[in-house]
Amino acid sequence: MGSAEAALHLGELYSADGPARDADKAMHFYETALAAGEASAALPLARLYETAGRTDDARALYQTAADEGDDEAALRLAQLLDRDGADFDDLHQALLYYTQAALHHEEAALRAGLMYDEGIGTPPNPRLAIPCLDMADRLGSAEGAYRLGLHYETGDGTEKNDQKAALYYERAMHRGHSEAARALAALYVAKGQLARARTIYSTLARQGDQDAAKALSRLAPPPTPAPEKEDSSLGGFFKKFFK
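Residues numbered from 1 in each chain as written. Predicted model: local features only at pLDDT ≥ 70, side-chain atom pairs only at ≥ 80, totals over all residues. Heavy atoms only, no water.

What follows deals with the pattern of salt bridges. Under the defined criterion, the tally for this structure stands at 14 salt bridges. With a closest N to O distance of 3.0 Å, D57 and R54 form a salt bridge. What makes D57 partly exposed here is its relative accessible area of 34%. Residue R54 is classed as partly exposed on the basis of its relative accessible area of 34%. The closest approach of N and O atoms between E143 and R147, which form a salt bridge, is 3.0 Å. Here E143 pairs with R147, and both are found in helix α9 (residues 142-154), just four residues apart, close to one helical turn. Here the residues in one salt-bridge network are R59, R83 and D90, joined through shared partners. (Salt bridge = Lys/Arg side-chain N within 4 Å of Asp/Glu carboxyl O. Buried < 20%, exposed > 50% of the residue type's maximum accessible area, 1.4 Å probe, protein only. Helix = DSSP H or I, 4+ residues; strand = E, 2+ residues; numbered from the N terminus.)

Counting across every chain of the model gives three aromatic pairs. Considering the side-chain rings of Y14 and F29, the 5.9 Å spacing of their centres and the 10° angle between planes classify their relative orientation as stacked. Highlighted residues: Y14 in helix α1 (residues 3-15) and F29 in helix α2 (residues 23-35), separated in sequence by 15 residues. Summarising the aromatic geometry, the rings of Y152 and Y168 are spaced 5.7 Å apart at their centres and angled 10° between planes, so their arrangement reads as stacked. On the criterion of sequence distance, the pair formed by Y152 in helix α9 and Y168 in helix α10 (residues 162-174) is long-range, its members being 16 residues apart. Just as Y152 is buried, Y168 falls in that class too. (Phe/Tyr/Trp six-rings, centres within 6.5 Å; stacked < 30°, edge-to-face > 60°.)

Here helix α4 (residues 55-67) crosses helix α5 (residues 71-81) at 140°, and the two axes come no closer than 8 Å. In terms of their interaxial angle, α4 and α5 are classed as oblique. Our pair here, α4 against α5, has a crossing hand that is left-handed. Contact with α4, carried on its side by T55, A58, R59, Y62, Q63, A65 and A66, involves A73, A74, R76, L77, L80 and L81 of α5 and no other residues of that element. (Axes fitted to C-alpha atoms, helices over the stretch in contact; angles between N-to-C directions. Parallel < 35°, antiparallel > 145°, perpendicular 65-115°, else oblique. Left-handed = near helix turned anticlockwise from the far one by under 90°. Contact = heavy atoms within 4.5 Å.)

Bringing α10 into the picture now. Every α-helix carries 3.6 residues per turn, so stepping three or four residues along brings you back to the same face. Across its 13 residues, α10 extends 18 Å between first and last C-alpha, which sits within 8% of the 18 Å expected from 1.5 Å per residue. Among the residues of α10, D162, A165, A166, Y168, Y169 and A172 are the ones counted as buried. Taking the backbone nitrogen of Q163 as reference, a side-chain oxygen 3.1 Å away marks N161 as the first, capping residue of α10. Following α10 by one or two positions, G176 has its phi on the positive side, about 95°. (Expected span 1.5 Å × (residues − 1). Polar contact = N/O pair within 3.5 Å; in protein donor to acceptor, adjacent residues only side chain to side chain.)

Attention now goes to helix α8 (residues 126-138). An ideal rise of 1.5 Å per residue puts 18 Å on 13 residues; α8 measures up with 18 Å between its terminal C-alpha atoms. Listed in full, the buried residues belonging to α8 are P126, A129, I130, C132, L133, D134, A136 and D137. On its buried face, α8 is in contact with α7 (106-118), α9 and α10. One or two steps after α8, the chain reaches G140, where phi turns positive at roughly 105°.

Among soluble globular proteins, nonpolar side chains are generally buried collectively. Counting residues in hydrophobic clusters, the biggest one holds 70 residues, and the most contacted among them are Y30, Y62, Y97, Y98, Y169, I200 and Y201. Setting aside residues up to four positions removed in sequence, Y169 forms contacts with Y146, G149, L150, E153, A180, A183, L184 and L187. (Core = buried A, V, L, I, M, F, W, Y, C linked by side-chain atoms within 4.5 Å.)

For the rest of this paragraph, the subject is the environment of T51. Tracing the backbone through its elements, the reader meets T51 in helix α3 (residues 42-51). The exposure class assigned to T51 is exposed, which follows from its relative accessible area of 70%. Along the sequence, T51 and A23 sit 28 residues apart, while their C-alpha atoms lie 9.4 Å from each other.

Without other data, these values stay purely geometric and don't point to any function.
See the structure below:
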């Protein structure tokens, strides 16, 4: 085992949870490994720097790794740049790194979509938001699916399509997104599909959603079947008797 590989192994040993954990020793050995040419030490070392409050050092390592194509480093760097009080340039860089990481990281895809939607680090651009939200949805994001539903229902950045809106709302609803459930129910009401709306509102109301309970109360009750007309004929009597 070479010296770089041995240092990397010791860094992993001291950074792992357990009685041997020692962040200072872990940083020392990761730094040794990185100086000896072990590039895989950069990301765990950057994480330790970030935890220790050495933000500038972490940012430099994340940027080097991200620029070499590491998606996780791109995500971490974007999150460092995307902070309260960040200026436009940092937010714009964050957006670029989120976009880089979006293919494999749900949170990166979703955040990039929201930034394009809301004009954070970029002018608002719903057309660019949609592919990011689509990727977030594909990676399992309830919020991503809900946001796509909003785009298709309103026609913001795409052609208005209630059928697609319903599909995305339903997908988000099954992932536990209550706002998507309410949006789907409202869409059903607008389309006159009251039975479907009533089912969703009933479910939400049972879960304690007061808005859904109010919406349910405003819906007309389901039609009750008309009572059978009494047949007073002799045939009707025997039919009833031998029923």
